[in-house]
Amino acid sequence: MDFTSKILVERTPLGQKMSVAEKEYICHVSVRGDCLASVLIADHEYPETVGFTLIRKVMTEFSTRFPSVHEWRNVKPQGLRFPELEKYLISYQDPKSADALTKLQSDVDETKAVMHNTLEQILNRGEKLDDLVTQSEELTLQAKSFYLTAKKTNQCCLLL
């Protein structure tokens, strides 16, 4: 993955970002105008927006910690200590808790599922009510028919 990361950084224009699928992973790359670059390798399920948010935050924190381009430009990646990266990686393990927009989307999806279930139950209840109304109308017709038949039957006999 180290080789892939280097190639992606070299091929990404300054000030641009891109995502590239590599086997079972997706690589998110961002290269700033000052040549500071970050690569995030995640699985395909990890949201792209959250990945780029993490990259942006890490790059901002890094440039705050090392403001001079000369401090980091020619240093090997293992040459600088940046413990904040570990904190970011831990906090972004669950994208829903790390990114407010992703959490909101998750909440909306859950609410949507609950609403679909509720509407389905209401429609099922409505069908049952329709069945009851139909049965009631049939019973009413049968009762009228019975009443008329009984009335006709009772007319032929006179009680003395």
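Just so you know, these numbers come straight off a predicted model, no measurement behind them.

1. Let's talk about the overall build of the chain
Summing up its helical and strand segments, the chain has 6 helices and 3 strands in all. Along the chain direction, N to C, the helices and strands of the chain fall in the order α-β-β-β-α-α-α-α-α. Its C-alpha atoms give the chain a radius of gyration of 35 Å, clearly above 15 Å, the size a compact globule of 160 residues would have. Overall, the C-alpha framework of the chain stretches about 125 × 30 × 20 Å when taken along its three principal axes. Burial analysis of the chain (160 residues in total) assigns 21% to the buried set. For the chain, long-range pairs separated by at least 24 residues make up 33% of all intrachain contacts whose partners lie at least 6 apart in sequence. Only carbon and sulfur atoms are counted for the fraction: they give 58% of the accessible area of the chain, which is about 12500 Å². Put simply, the chain has 20 plus and 23 minus side-chain charges, and the middle of one group is 3 Å from the middle of the other.

2. Notes on the nonpolar core
Of all hydrophobic cores here, the largest spans 16 residues; its most connected members are Tyr46, Leu54, Phe62 and Tyr92. Mapped by element, the contributors of at least two residues to this core are β3 (37-43) and α2 (48-65). Examining the composition of this core, we find that 7 residues originate from one element, α2, more than from any other. Once residues within four sequence positions are removed from consideration, Phe62 is found in contact with Leu36, Trp72, Leu80 and Phe82.

3. Some points on the packing of aromatic side chains
Both the distance between ring centres and the angle between the ring planes are used here to describe each pair of aromatic rings. Summed over all chains, the structure comprises 2 aromatic pairs. With 4.9 Å between their ring centres and 45° between their planes, Phe62 and Phe66 make a pair best called tilted. With respect to burial, Phe62 and Phe66 carry one shared label: buried. Look at Phe62 and Phe82: their rings are 5.3 Å apart centre to centre, the planes differ by 75°, and that puts the pair in the edge-to-face class. With Phe62 in helix α2 and Phe82 in the loop between α3 (69-72) and α4 (84-91), the pair connects residues that are 20 residues apart, well separated along the chain.

4. A few points about the environment of Thr102
Its place among the elements puts Thr102 in helix α6 (residues 100-155). Taking the C-alpha atoms as reference points, Thr102 and Thr49, separated by 53 residues in sequence, lie 8.5 Å from one another. If sequence neighbours within four positions are ignored, Thr102 has contacts with Pro47, Val50, Pro95 and Lys96.

5. Here's the deal with the pairing of β3
Residues Ser38, Leu40 and Ala42 point to one face of β3 and are all buried, whereas Ala37, Val39, Ile41 and Asp43, pointing to the other face, are not buried. Taken together, the 7 bridges between strand β2 (residues 25-31) and β3 define a ladder with antiparallel strand orientation. Along β3, the bridge assignment pairs His28 with Leu40. The turn linking β2 back onto β3 is made up of 5 residues, and Cys35 within it adopts a positive phi angle of 75°.

6. Remarks on the confidence of the model for the chain
On average, residues of the chain carry a pLDDT of 84, and 96% of them reach 70 or more. Confidence, expressed as mean pLDDT per element, reaches its minimum in the chain at helix α5 (residues 95-98) with 73 and its maximum at β2 with 92.

7. Side note on the pattern of salt bridges
The tally for this structure, following the rule as stated, stands at 2 salt bridges. A salt bridge links Asp34 to Arg32; the nearest nitrogen and oxygen atoms lie 2.7 Å apart. What makes Asp34 partly exposed here is its relative accessible area of 26%. For the salt bridge of Arg65 with Glu84, the shortest nitrogen-to-oxygen distance reads 3.1 Å. On the criterion of sequence distance, the pair formed by Arg65 in helix α2 and Glu84 in helix α4 is long-range, its members being 19 residues apart. Overall, Arg65 belongs to the partly exposed group, its relative accessible area being 38%.

Cut-off values and rules
- Residues numbered from 1 in each chain as written.
- Predicted model: local features only at pLDDT ≥ 70, side-chain atom pairs only at ≥ 80, totals over all residues.
- Heavy atoms only, no water.
- Helix = DSSP H or I, 4+ residues; strand = E, 2+ residues; numbered from the N terminus.
- Rg over C-alpha atoms; globule rule 2.2 N^0.38 Å.
- Buried < 20%, exposed > 50% of the residue type's maximum accessible area, 1.4 Å probe, protein only.
- Contact = heavy atoms within 4.5 Å.
- Areas by Shrake-Rupley, 256 points an atom, 1.4 Å probe, with all protein chains shown as cover.
- Lys, Arg positive; Asp, Glu negative; His and termini not counted.
- Charge placed at Lys NZ, Arg CZ, Asp CG, Glu CD.
- Core = buried A, V, L, I, M, F, W, Y, C linked by side-chain atoms within 4.5 Å.
- Phe/Tyr/Trp six-rings, centres within 6.5 Å; stacked < 30°, edge-to-face > 60°.
- Pairing = 2+ DSSP bridges.
- pLDDT = per-residue confidence, 0-100.
- Salt bridge = Lys/Arg side-chain N within 4 Å of Asp/Glu carboxyl O.

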